[in-house]
Amino acid sequence: MDNHIKYKNLIDSLKGKDHIGILFVCLGNICRSPAAEGVMKAIVNDNDDSDRFEIDSAGTGNYHIGDLPDHRMRIHARRRGYELTHRCRQVTEADFDNFDLIIAMDESNRRNLQRIAPTVEAEKKIVMMADFADLATRYDHIPDPYYEGAEGFELVLDLLQSACANLYDALKN
């Protein structure tokens, strides 16, 4: 069963839109969310669909504002053909107006986003990234690789490639 089926109404409401805004969110905006942004941008570019999508990332914390993503994530991403040039920023209430999907990497991020959401309607835009991944069913979240070795960064990229491909497929016209 597809875990993202619980978002069917939300996804279906976006399928016909000419413009879809997606914001990927993790804690510090230096590992998971900028990697998801890079992977998703590559997918939409490869499908000549970049005019239809606005893709960004942000963090619920304010620890790394203005920084590039973690150098280890950039190295691992570069090996797969992704250049992560995003400058870290913090999620704002305005993001709920500017984006159609706010995608949390784990439960803690989801709870933080729910606190930031200005309305109940805005809160309905929050979805879980792992619900789109079909690569490894043992994960119900995208794990934070910050304190892990190389394997942690590779696992995150594997999960994000799976989840972003499935997300894109779900949003295709």
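As shown above, the structure is provided for reference.
Because the structure is predicted, anything quoted here is derived from the model rather than measured. (Residues numbered from 1 in each chain as written. Predicted model: local features only at pLDDT ≥ 70, side-chain atom pairs only at ≥ 80, totals over all residues. Heavy atoms only, no water.)

Caption draft 1: Fine view of the environment of His-86. Examined against the element boundaries, His-86 turns out to sit in the loop between helix H3 (71-79) and helix H4 (95-98). Given the relative accessible area of 10%, His-86 is considered buried. Taking C-alpha positions, His-86 is 8.0 Å from Ser-57, a pair spaced 29 residues apart along the chain. Not counting chain neighbours up to four residues away, the residues in contact with His-86 comprise Asn-29, Pro-34, Glu-37, Asp-56, Ser-57, Asp-67, Leu-68 and Pro-69. A polar atom in the side chain of His-86 sits 3.1 Å from the side chain of Glu-37. Among the polar contacts made by the side chain of His-86, one reaches the main-chain carbonyl oxygen of Ser-57 at a distance of 3.3 Å. (Helix = DSSP H or I, 4+ residues; strand = E, 2+ residues; numbered from the N terminus. Buried < 20%, exposed > 50% of the residue type's maximum accessible area, 1.4 Å probe, protein only. Contact = heavy atoms within 4.5 Å. Polar contact = N/O pair within 3.5 Å; in protein donor to acceptor, adjacent residues only side chain to side chain.)

Caption draft 2: Summary view of the pattern of salt bridges. Applying the stated rule across the entire model yields 17 salt bridges. Arg-32 is the partner of Asp-106 in a salt bridge, and the nearest nitrogen-oxygen pair spans 2.9 Å. With a gap of 74 residues between them, Asp-106 in the loop between strand S3 (101-104) and helix H5 (107-116) and Arg-32 in helix H2 (residues 32-46) connect regions that are remote in the sequence. There is no split in this pair, since Asp-106 and Arg-32 are both buried. Between Asp-169 and Lys-172 there is a salt bridge, with the nearest N and O atoms lying 3.5 Å from each other. On the basis of relative accessible area, Asp-169 is assigned to the partly exposed category, the value being 43%. With relative accessibility at 38%, the residue Lys-172 sits in the partly exposed group. (Salt bridge = Lys/Arg side-chain N within 4 Å of Asp/Glu carboxyl O.)

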